[in-house]
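A structural walkthrough
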Amino acid sequence: ETRVVGGIAWEIAGRLAEAGFSVRSHYGTWFEIEGLKLVLEQMAQEAGLGLLYYTQFSEPLVEGGAVTGAIVQNKSGRQVIRAQRVVDCTGDGDVAAGAGVPFEVGRAEDHVCQPMTLMFHVGGVDFGRICQFRQGDPGLKKVWAAAQAAGDMEPFQSVIMGFEATPTRPGFMHCNFTHITGLSATSAADLTAATIEGRRQAFSMI
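A brief look at the structure comes next. This one's a predicted model, so the numbers in the text were calculated from it and none came from an experiment.

A few words now on the nonpolar core. Among soluble globular proteins, nonpolar side chains are generally buried collectively. The biggest cluster of nonpolar side chains holds 15 residues, and the ones touching the most others in it are Phe-120, Trp-144, Cys-175, Phe-177 and Met-205. At the level of elements, strand E6 (120-122), helix H5 (139-149), strand E8 (173-176) and helix H6 (188-205) are the ones that each hand at least two residues to this core. Formed by 5 residues, the second largest nonpolar core is a distinct cluster that contains Ile-12, Leu-16, Leu-36 and Met-43.

Structure follows, in structure tokens:
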């Protein structure tokens, strides 16, 4: 086999394995989230990086047509952080959008975006039996469809999405089933509504 992935991601995966926080194979790396947080903090400290948690980006500082920093808000108040380079890691391009960079939202014809999902974990699961059941007859797809047709399960969507387990957490299953449509991830009100609806769907699904 030939490794085709390198760089910082490979280094992080190696550190996770060394610390006992992950299981690695040719397919990928299954890791513990809390272990990843610890490893990333250690790597940042070793590199001499400064960390500042519990801080929300507010708006970019733009001078002479260039982003020269960011205005942030936290428990210490409102502050300006100047930088030679600002990397937008907001997930929605908030820094770039605030700086006036052109952008597009959703589909060209109606600007509708991909539905939002609230993922969840379920414990006490024999995942091996589930895998066997999924491949058998009638299999999970038929049961899924029948449950919706009978009204036993709400028809959030017709496709069985993420349905996975990780070796680092025996008995736990990761679910990507919830489906929240018609809302915008760039609206605080919509995000609140989506979280409430996603939690309702998750408990309904369980």
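All right, on to the pairing of strand E4 (residues 66-74) then. A regular strand places its side chains on the two faces of the sheet in alternate fashion. Pairing between strand E3 (residues 55-63) and E4: 8 bridges, direction antiparallel. Paired with Pro-60 across the strands is Ala-70, a residue of E4. In this structure, the hairpin formed by E3 and E4 is closed by a connection of 2 residues, where Gly-64 is found at a positive phi of approximately 60 degrees. Relative to strand E5 (residues 77-82), E4 runs antiparallel, the two sharing 6 bridges. Directly across from Gln-73, in E5, lies its bridge partner Arg-78. Connecting the antiparallel pair E4 and E5 is a turn made up of 2 residues.

With phi around 55 degrees, Tyr-54 is a residue other than glycine that occupies positive phi space. With respect to the helices and strands, the residue Tyr-54 is situated in the loop between helix H2 (33-46) and E3. Positive phi is not limited to glycine here, since His-111 has a value of about 65 degrees. When you line up the elements, His-111 lands in the loop between helix H3 (94-98) and E6.

Here the focus is the side chain of Asn-74. You can see Asn-74 is positioned in strand E4. At 2.6 Å, the side chain of Asn-74 and the side chain of Gln-79 are in polar contact. When residues no more than four places from it in sequence are discounted, the contact partners of Asn-74 are Leu-52, Tyr-54, Thr-55 and Gln-79.

Take the packing of helix H1 (residues 7-18) against H2 next. With their axes 10 Å apart at the nearest point, H1 and H2 run at an angle of 115 degrees to one another. Every pair of crossing elements has a handedness; the one defined by H1 and H2 is right-handed. Taken together, the residues of H2 that come into contact with H1 (itself represented by Ile-8, Glu-11, Ile-12, Arg-15 and Leu-16) are Gly-35, Leu-36, Val-39, Leu-40, Gln-42, Met-43 and Glu-46. Within the contact of H1 with H2, the residues separate by chemical class into 7 nonpolar, 2 polar and 3 charged.

Scoring rules and cut-offs
- Residues numbered from 1 in each chain as written.
- Predicted model: local features only at pLDDT ≥ 70, side-chain atom pairs only at ≥ 80, totals over all residues.
- Heavy atoms only, no water.
- Core = buried A, V, L, I, M, F, W, Y, C linked by side-chain atoms within 4.5 Å.
- Buried < 20%, exposed > 50% of the residue type's maximum accessible area, 1.4 Å probe, protein only.
- Helix = DSSP H or I, 4+ residues; strand = E, 2+ residues; numbered from the N terminus.
- Pairing = 2+ DSSP bridges.
- Polar contact = N/O pair within 3.5 Å; in protein donor to acceptor, adjacent residues only side chain to side chain.
- Contact = heavy atoms within 4.5 Å.
- Axes fitted to C-alpha atoms, helices over the stretch in contact; angles between N-to-C directions.
- Left-handed = near helix turned anticlockwise from the far one by under 90°.
- Nonpolar A, V, L, I, M, F, W, Y, C, P; charged D, E, K, R; others polar.

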